[in-house]
Amino acid sequence: MDRSAGNPLFAKEFALAMRDEGLISCVDGVCELLVRLDQIDFPPSVEALITSRFDRLPPASLLLLKVAAVCGSEFSVDMLLAMLATAKKSESGTQPLSLGIDSAQVGPTLENLVSGEADMLRRAEGSRPGDFVFKHRYLQEVAYELTAEELKERLHSAAAAYFEELRDKEKQLGTDTSIRSGGSFNSRRVRGTPRSPCAHDDLPTTDSQQPHLEALVYHWTRAGRSTRVGKAAVKYLKLLGDQALDNFSLVEAKELHEMAFRYATDDEALKQERGPLQRRMARRHYLQGEAAAAEELLTAALIAFDAERTPLNMQADGSVAWRSRLLRLRHMRQRISPFSHWPVAGGAPANSPEDADLLEVAACYEQLAQLHLVGHRVRLAEYCARRALSLGLRLPSLTPVVARSYAALLQVAASSGASSRTVSYFKSRALRTCHQLGENAQLVFTFLAVAIHEASSAKWALARDYFHRALEIVSDLKDLRLWEDVVSHTGHAQFYAGDFTPSLVNYQAALQSAQDRQDKQMENRCNSGIAAIYLATRRTADAHAILKNTNSYGQLALCLLRLGHADQAMSYACLLYTSPSPRDGLL
């Protein structure tokens, strides 16, 4: 007991080791020590105990135990047989691997490890016959550590191939026959919940809804560093990261996408994966309110895709404006030409590499358009939205990026004083595209853009109607950022309509949600709105308590002026014209 320190596993393994060495006898549940205590060599750790027990196993049993350890804590006979068969096949640059295990002996050997004196496995509870689990995680971990590195990599590759084949079969049959075997990516498992309908992603997502993604990530990331392995690892890391992003598991998404990006940067043969991964990482930054980091990654992605040679914010205004006009003319020509191609709702997905790249680049431009709109950089927002629309319309199937591009151009048109005909065109196109797609999240996005436009024209009844319609839909979605956008903009419109009480309620609700997500950008937007309400209702001290920790210099200057601090008010008023900090709100 002193050496086991009360650890029941240590005590049990030590008792089993003494039994195996003939130091104790066990008859009818009674154990008798056959030697003196000073003759016993106590192992220093439970790992050493387990290793000594492994050393007494028959070679075939130990080797099969190592193969099972690569599977994870739980495995099946079918999986072991498939792995052994795959390992015998020659891969590119490798020799066939024969482990000397007869497939006919796999089942009996496992039974001996369950019911024999080894006592290392048990049958998995509530599962199909042929499923096994290690009796304790230490057994699996020690067996795994004792396996040679090269053998582990080959076996992980074989395990990944097994799960890929299983996934393909389930996709064809429309069933889930998954077992619980395979390791996890890390201790915080990303659960395979259905994709959110509000996911801000236009790429095909069928794969991300399939089972076994965690197992595939686990095995491919441990199968070596060849280009073939790296390509597969990036594929499944990307899919599992997308699933985490859809479920707002932002920490998980960060780990998965950044690991995939390291594969893509370490191997020049995988450089085509860098742009798509940068776009995904930018999306996560956007959801966390980190606009500058998101913009930087999206810019890098466009350069990686060779869509831009230099960052857009470093290009001359005249060049950006000229390209915007050119895109506008192309769109007008497409509208009037009877031979123009238009993507079809429900058409073939973008499966070809060329179409997939087009969709990725379009998504980058569209996300940049949103960031430029928030930063009131209307010229850049227009160019990015038109570029996204132009690329989206070249695809065979209608995608959400088209609807969002129309909605962004609606906001650009409304804020830049475009004609009512232009505004009406983008409004109708955005709404019609959303209805064609049947995408609730995109419909919310469009309703919000339309509501902002109506509010900017002081058409309060129409604005309230569209805000209400957006809020009804977004409340059923999982996109907290989109919900906060709708609620905070509703509060903003209510403020300008003079409805201060409901405006304050909406801002406070959005603020609480943003604080829970730690989104500083959304927090600043809501705090600025709340402070504006306090200023309008003569609660100057409350407004000052909020504004003194923000960069809303105009509001702070007004607040200080009301409090009698004219000199400080003047200094903040000057900062308003010298600071490049963006302001948030309605366009």
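The structure we're discussing is the one just above.
Quick caveat, the model's predicted, so the values are computed rather than measured.

Caption draft 1: Fine view of the nonpolar core. If you look at the biggest cluster of nonpolar residues, it comprises 139 residues, and the most contacted ones within it are Phe54, Phe75, Leu80, Met83, Leu110 and Trp220. Beyond its immediate stretch of four places on either side in the chain, Met83 contacts Val67, Val70, Cys71, Leu155, Ala158 and Ala159. Residues Phe495, Leu511, Leu547 and Leu560 belong to the second largest nonpolar core, which totals 22 residues.

Caption draft 2: Local environment of the packing of helix α15 (residues 378-392) against helix α16 (residues 400-415). The interhelical angle for the contact between α15 and α16, taken along N-to-C directions, is 150 degrees, at an axis separation of 9 Å. Between α15 and α16, the interaxial angle falls into the category roughly antiparallel. Relative to α16, α15 is oriented so that their crossing is left-handed. In this structure, α15 contributes Val378, Ala381, Glu382, Ala385, Arg386, Ala388, Leu389 and Gly392 to the contact, and α16 contributes Val401, Val402, Ser405, Tyr406, Ala408, Leu409, Val412 and Ser415. Its residues placed into classes, the contact of α15 with α16 shows eleven nonpolar, three polar and two charged.

Caption draft 3: Summary view of helix α9 (residues 227-246). When the terminal C-alpha atoms of α9 are compared, their 28 Å separation across 20 residues agrees well with the 28 Å that a helix rising 1.5 Å per residue should span. Judged by how many residues are buried, α9 sits mostly within the fold: 16 of 20 residues are covered. In the segment just after α9, Phe248 is the residue with positive phi, at about 60 degrees.

Caption draft 4: Structural view of the pattern of salt bridges. On inspection of all chains with the given rule, the structure shows 25 salt bridges. For Arg274, the salt bridge goes to Glu268, with nearest N and O atoms at 3.2 Å. Across the pair Asp519 and Arg481 runs a salt bridge whose closest N-O atoms are separated by 2.6 Å. Taken together, the positions of Asp519 in the loop between α21 (500-517) and α22 (520-536) and Arg481 in helix α20 (residues 480-496) put the pair 38 residues apart, joining distant regions of the chain. Both residues of the pair, Asp519 and Arg481, belong to the buried class.

How each quantity is defined
Residues numbered from 1 in each chain as written. Predicted model: local features only at pLDDT ≥ 70, side-chain atom pairs only at ≥ 80, totals over all residues. Heavy atoms only, no water. Core = buried A, V, L, I, M, F, W, Y, C linked by side-chain atoms within 4.5 Å. Buried < 20%, exposed > 50% of the residue type's maximum accessible area, 1.4 Å probe, protein only. Contact = heavy atoms within 4.5 Å. Axes fitted to C-alpha atoms, helices over the stretch in contact; angles between N-to-C directions. Helix = DSSP H or I, 4+ residues; strand = E, 2+ residues; numbered from the N terminus. Parallel < 35°, antiparallel > 145°, perpendicular 65-115°, else oblique. Left-handed = near helix turned anticlockwise from the far one by under 90°. Nonpolar A, V, L, I, M, F, W, Y, C, P; charged D, E, K, R; others polar. Expected span 1.5 Å × (residues − 1). Salt bridge = Lys/Arg side-chain N within 4 Å of Asp/Glu carboxyl O.

Interpretation in functional terms is not warranted from these geometric data alone.
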